[in-house]
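Analysis of the macromolecular model
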Amino acid sequence: DAGITQSPRHKVTETGTPVTLRCHQTENHRYMYWYRQDPGHGLRLIHYSYGVKDTDKGEVSDGYSVSRSKTEDFLLTLESATSSQTSVYFCAISHSRGPTQYFGPGTRLTVL
Amino acid sequence: LAKTTQPISMDSYEGQEVNITCSHNNIATNDYITWYQQFPSQGPRFIIQGYKTKVTNEVASLFIPADRKSSTLSLPRVSLSDTAVYYCLVGDEGESFNRKLIWGLGTSLAVNP
């Protein structure tokens, strides 16, 4: 399995609080992605990065920001969490911008 | 914009061959078609990818017709541990750098004893 870790693995927070999720890779892959997975919606791309300090929006980016200051770390921030952001968040990595990706174990976030 | 369609669920029995088809149109002409497996509480796991015709690895086979409007994941002699959700992933047509990747909604496969 690709060396991808996510932290925390579980988090419960309250509406309006900021939350940061971390993805760390040891594979030196150029591309990193943040997805959310919800019943009935499958996997939806939030943001992705194609290099240090290079990021772009996905299909559900509203309410989320990202940062990548090092190749190995990709942070996802919810500036002010809402209940609609309760979800399972997955980080993924890939060599190139394509459909072959490797996923982390996920973070289950609950916003009360 | 590309779109994918997969059956929502399938049932099978141990030892049988299972074929899951994903229909996809308007996909990138130079991208692989990729399939993933996901167990509960885990991230999706890459199974197999192909460009056209047939690809086989130790886990599965993937059949892609010449028009690339569909792909079929074939799992030979399934076991209980193959119970999972299976996703197809394709690239949308367009500029390769910013092209959108389109996930299917997944097929929940239940393997029964």
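Further up the page is the structure itself.
In this report, the structure presented in the accompanying data block is examined. (Residues numbered from 1 in each chain as written. Chains lettered and ligands numbered in written order. Predicted model: local features only at pLDDT ≥ 70, side-chain atom pairs only at ≥ 80, totals over all residues. Heavy atoms only, no water.)

1. Structural notes on the sheet that holds strand S3 (residues 18-25) of chain B
Strand-to-strand pairing in sheets goes through backbone hydrogen bonds, with the strands running parallel or antiparallel. Residue and element names in this part refer to chain B. To keep things clear, this is the line we draw: In this scheme, strands are said to pair when DSSP sees at least two bridges between them. Helix and strand labels come from DSSP, where a helix needs a run of H or I of at least four residues and a strand needs a run of E of at least two; each type is numbered from the N terminus. Only the stretch in contact is used when a helix axis is fitted, and all axes are lines through C-alpha atoms; the angle between N-to-C directions ranges over 0 to 180 degrees.
One open sheet accounts for 5 strands, arranged S1-S3-S8-S7-S6; its pairing is antiparallel. The sheet is open, and its two borders are formed by strand S1 (3-5) and strand S6 (53-56), each paired with just one other strand. Direction aside, the axes of adjacent strands within the sheet are offset by 20° on average. In the sheet, S1 pairs with S3 via 3 bridges, with the strands oriented antiparallel. Bridging across to S3, lysine 3 finds its partner in asparagine 25.

2. A few points about the packing of aromatic side chains
What counts, and what does not: Two aromatic rings from Phe, Tyr or Trp, using only the six-membered ring of Trp, form a pair when their centres are within 6.5 Å; if the ring planes differ by under 30 degrees the pair is stacked, by over 60 it is edge-to-face, and anything between is tilted. Categorising residues by exposure relies on relative accessible area from a 1.4 Å probe, with only protein chains included: less than 20% of the type maximum marks a residue as buried, more than 50% marks it as exposed, and the intermediate range marks it as partly exposed. Throughout this description, the term charge over a ring refers to an Arg CZ or Lys NZ atom that lies within 6 Å of the ring centre and within 35 degrees of the ring normal.
Tallied over the full model, the rule gives 14 aromatic pairs over all chains. Taking the centre distance of 6.1 Å and the plane angle of 80° together, the rings of tyrosine 36 of chain B and phenylalanine 46 of chain B count as edge-to-face. Taken together, the residues span a long stretch of sequence, with tyrosine 36 of chain B in strand S4 (residues 33-38) and phenylalanine 46 of chain B in strand S5 (residues 45-50) at a distance of 10 residues. In this structure tyrosine 36 of chain B comes out as buried when scored by relative accessible area, which is 0%. Three or more aromatic residues link up through ring pairs in this structure, and these residues are Tyr31, Tyr33, Tyr35, Tyr48, Tyr50, Phe90, Tyr102 and Phe103 of chain A together with Tyr36, Phe46, Tyr87 and Trp103 of chain B. The side chain of arginine 68 of chain B reaches across the aromatic face of tyrosine 51 of chain B, ending 4.5 Å from its centre.

3. Description of the side chain of serine 12 of chain B
Residues and elements named next belong to chain B. In plain terms, the rule: Whether two residues are in contact is decided by their heavy atoms: any pair within 4.5 Å suffices.
Inspection of the secondary structure assignment puts serine 12 in strand S2 (residues 9-13). Owing to a relative accessible area of 2%, serine 12 belongs among the buried residues under this scheme. Residues in contact with serine 12, not counting those within four places in the same chain, are Val18, Val78, Leu109, Ala110, Val111 and Asn112.

4. Points about the pairing of strand S11 (residues 107-111) of chain A
All names here are of chain A. Going residue by residue along S11, you find Thr107, Leu109 and Val111 tucked away on one face and Arg108 and Thr110 left uncovered on the opposite face. Where strand S2 (residues 10-13) lies against S11, 4 bridges are found, and the strand directions are parallel. Residue pairing for S11: histidine 10 is matched across the bridge by arginine 108. Examined bridge by bridge, strand S9 (residues 87-94) and S11 share 3 bridges and lie antiparallel to one another. Counted as the bridge partner of valine 88 is arginine 108 from S11.

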